[in-house]
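Okay, here's what each chain looks like letter by letter:
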Amino acid sequence: VPGPAPRRDAASRSPGLAASSRQAARESPHAGDMLRFPLHLRTSVAGSAFQAVERLPALAIARRCSFSTQALSVEPGMNAPPPPVFPGGDAHPAQQGPSSPAVAGAGAVDFEQTLQLLAREKATPVSLTNLFRSALHPTPQQSLLNAQFLWRELRVRFAHRAKQLRELPPQLSQHPCMVEAADTYTRMTALLLTCPKPRTPADEEAFARVLAATRPTSHLIPHKIGVALADVHRSQPLSPEEQREVNLSLDAFFMSRVGHRLLIQHYLCSKKHREGFAGIIQSHCSPVTVCESVARNVKELVRERCGMCPEIHVIGERNHTFTYVPSHIYFIANELLKNAASATVRQHRGKGQDALPPVRVIVVRGEHDVNIKVEDEGGGMARSKLKEIWSYTGHWTETDDSPDLDPTPAPTVGGDAAPIARHGLGLPLARLYAKYFGGTLHVTPMEGYGTDCYVKLNRLGDHNCENLPSVVRTSPGERDSLPPPVGCGLFDAQAKR
């Protein structure tokens, strides 16, 4: 939540960034002010890139970003913000990167430098408690403060996303779908750089329309990444070292993507009061009720695809509630139950519907956390394959050359459309949704019998802070190249990253 914070010199926050700022000051008569412009955020944000953009006159911003300010007239019903317009007057083609010939020129170079500067900034972790309080009583003043925070924060997060996709191994980062995904974040960054800081309710409404227009575009990102992954693994499989690098990079990418999607959806939903909700956060969220809703939808989906489906028994108390984001619980439970039900059908298909053993979901609320266990008799897997289920490899159908799309529409959970995983990304993304506010997801197979999945979600609001990866919390230049430590115990094989 935005608020006053002590003034800090940019050099003390990031010496390398301060050096870049001094270089920029020698080249621009306006950029020298960036080191003296304070930021007013409750949490510390390294803000020299913000300051440079805030202090430059409107004409200088337009030249630096080379982006049409007509984007501010985006209507909520549009599917995507308009593409940036570069010095020659040509729209930026979605399939070309920012360094492509179509965008060559001084304006594109200036924007690229601004993008790199933003990508060195630190994202601001926010706690579930602060998110809940900021949307509990959506007054116009609070809504304006929330918009000003997002105006500063989202450009950094979008710049990080573009940089992360560009730094994947060449055969993946140069795939047309991956280039298009990176360019989507480049365009959204440029859109926010030209959007004026919200200072009045009218400004804030215009800013909200811009954010609403980015949501459908952002929704296509997993589709593009899944297609690129499936293409690469079918034509030129990655080496184990490259796959490990991709896993680490996409873990950081998707974890961060969960964050900015949460911030945008929470802000937009907080503009309308709903009983029992603050934005997309439910004050008395019942995980049992959410799991029962998931079970009904999964049974219909699996029965439609496989011709049969085991019974899904949800065990727990509906009145055991806690403050959480129900759409996150829905996503996690949906992926686990789809896998459990499908595996059970494959293992026992010849026995008929009546002989299918049930899938059990056990929900327990403890003093500090909520635990969800999903157990099935779907045959399990070899323990040596545990690493593979967390890898990003994409998935294609066996009958055609199109990606395996989930035809079901995204269900609405608490007024927020629950995310739908596609292209073989479901289980890795479910773990990231569990980890996002400090929880965990572990899978324990018993080969020849079945699989148990354990989900832990924090109950205490002060512990539910964004679990941003270190590559996102800190400047990419400070990235640790050493592998993360591997813990000891039952889930060793899953602690590789």
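Predicted model, so just to flag it, every value in this text is computed and none were measured.

Analysis parameters
- Residues numbered from 1 in each chain as written.
- Predicted model: local features only at pLDDT ≥ 70, side-chain atom pairs only at ≥ 80, totals over all residues.
- Heavy atoms only, no water.
- Core = buried A, V, L, I, M, F, W, Y, C linked by side-chain atoms within 4.5 Å.
- Buried < 20%, exposed > 50% of the residue type's maximum accessible area, 1.4 Å probe, protein only.
- Helix = DSSP H or I, 4+ residues; strand = E, 2+ residues; numbered from the N terminus.
- Contact = heavy atoms within 4.5 Å.
- Pairing = 2+ DSSP bridges.
- Axes fitted to C-alpha atoms, helices over the stretch in contact; angles between N-to-C directions.
- Parallel < 35°, antiparallel > 145°, perpendicular 65-115°, else oblique.
- Left-handed = near helix turned anticlockwise from the far one by under 90°.
- Expected span 1.5 Å × (residues − 1).
- Phe/Tyr/Trp six-rings, centres within 6.5 Å; stacked < 30°, edge-to-face > 60°.
- Lys NZ or Arg CZ within 6 Å of the ring centre and 35° of its normal.
- Polar contact = N/O pair within 3.5 Å; in protein donor to acceptor, adjacent residues only side chain to side chain.
- Salt bridge = Lys/Arg side-chain N within 4 Å of Asp/Glu carboxyl O.

(A) Summary view of the nonpolar core. In this structure, Leu-165, Phe-207, Ile-225, Leu-250, Phe-254, Leu-337 and Val-374 are the most contacted members of the largest nonpolar core, which totals 97 residues. Ranked by residues supplied to this core, first place goes to helix α12 (residues 240-270) with 12 residues. Here Leu-337 is in contact with Cys-291, Val-294, Ala-295, Val-298, Ile-312, Val-359, Val-361 and Val-374, once residues within four sequence places are set aside. The next biggest cluster of nonpolar side chains, apart from the first, holds 8 residues, and it includes Leu-118, Ala-119, Val-156 and Leu-193.

(B) Up close: the environment of Pro-140. Position of Pro-140 relative to the elements: it lies in helix α7 (residues 140-166). Note on Pro-140: relative accessible area 64%, which makes it exposed.

(C) Fine view of the pairing of strand β5 (residues 359-365). As paired strands, strand β3 (residues 312-315) and β5 are joined by 4 bridges and run parallel to one another. Bridging from a neighbouring strand, His-313 pairs with Arg-360 of β5. Inspection of the sheet shows β5 paired to strand β6 (residues 369-376) by 6 bridges, in the antiparallel sense. By the bridge assignment for β6, Val-363 is matched with Ile-372. Adjacent in sequence and paired antiparallel, β5 and β6 are bridged by 3 residues.

(D) Up close: the packing of α7 against α12. Between α7 and α12, the least distance of the axes is 10 Å, while the angle of their chain directions is 160 degrees. Accordingly, the angle class assigned to the pair α7 and α12 is roughly antiparallel. Crossing handedness for the pair α7 and α12: left-handed. Along its contact with α7, which presents Ser-143, Asn-146, Ala-147, Leu-150, Glu-153, Leu-154, Arg-157, Phe-158, Arg-161, Gln-164 and Leu-165, the element α12 presents Leu-250, Ala-252, Phe-253, Ser-256, Arg-257, Gly-259, His-260, Leu-263, Ile-264 and Tyr-267.

(E) Fine view of helix α9 (residues 176-194). For α9, spanning 19 residues, the distance from its first C-alpha to its last is 27 Å, which sits close to the expected 27 Å at 1.5 Å a residue. A large share of α9 lies buried, amounting to 17 of its 19 residues.

(F) Main features of the packing of aromatic side chains. Summed over the entire model, instances satisfying the criterion amount to 9 aromatic pairs. Summarising the aromatic geometry, the rings of Tyr-324 and Phe-437 are spaced 6.1 Å apart at their centres and angled 75 degrees between planes, so their arrangement reads as edge-to-face. Within this pair, whereas Tyr-324 is found in strand β4 (residues 322-324), its partner Phe-437 is found in the loop between α16 (426-436) and β9 (440-446), the two being separated by 113 residues in sequence. On the basis of relative accessibility, which here comes to 1%, the residue Tyr-324 falls in the buried class. Look at Phe-437 and you get buried, because its relative accessible area is 0%. Here a set of aromatic residues connected by ring pairs shows up, and it is made of Phe-158, Tyr-185, Phe-253, Phe-254 and Tyr-392. Over the aromatic face of Trp-151 sits the side chain of Arg-155, whose NZ or CZ is 3.9 Å from the ring centroid. Here the basic side chain of Arg-431 rests over the ring of Trp-390, its NZ or CZ set 4.4 Å away from the ring centre.

(G) Region of interest: the sheet that holds strand β2 (residues 281-285). If you walk across this open sheet you meet the 3 strands as β1-β2-β4, and the pairing is antiparallel. Edge positions in the sheet fall to β1 (277-278) and β4, since each of these pairs with one other strand and no more. The pairing of β1 with β2 spans 2 bridges and is classified as antiparallel. Residue pairing for β2: Ala-278 is matched across the bridge by Ile-281.

(H) Quick peek at the side chain of Asp-376. By the secondary structure assignment, Asp-376 is in strand β6. A distance of 2.8 Å separates a polar side-chain atom of Asp-376 from the backbone nitrogen of Gly-378. Residue contacts for Asp-376: discarding those within four places in its chain leaves Ala-340, Thr-344, Val-359, Tyr-449, Gly-450, Thr-451 and Asp-452.

(I) Local environment of the pairing of β9. As paired strands, β9 and strand β10 (residues 450-458) are joined by 7 bridges and run antiparallel to one another. Bridge pairing links Val-443 to Cys-453 in β10. In sequence, β9 turns back onto β10 through a hairpin of 3 residues, with Gly-448 there showing a positive phi of about 95 degrees.

(J) Examining the pattern of salt bridges more closely. Counting across every chain of the model gives 12 salt bridges. Of the charged contacts in the structure, one is a salt bridge between Arg-360 and Glu-375, with a shortest N-O distance of 2.5 Å. On the criterion of sequence distance, the pair formed by Arg-360 in strand β5 and Glu-375 in strand β6 is long-range, its members being 15 residues apart. The network of salt bridges with shared partners includes Glu-204, Glu-205 and Lys-271.

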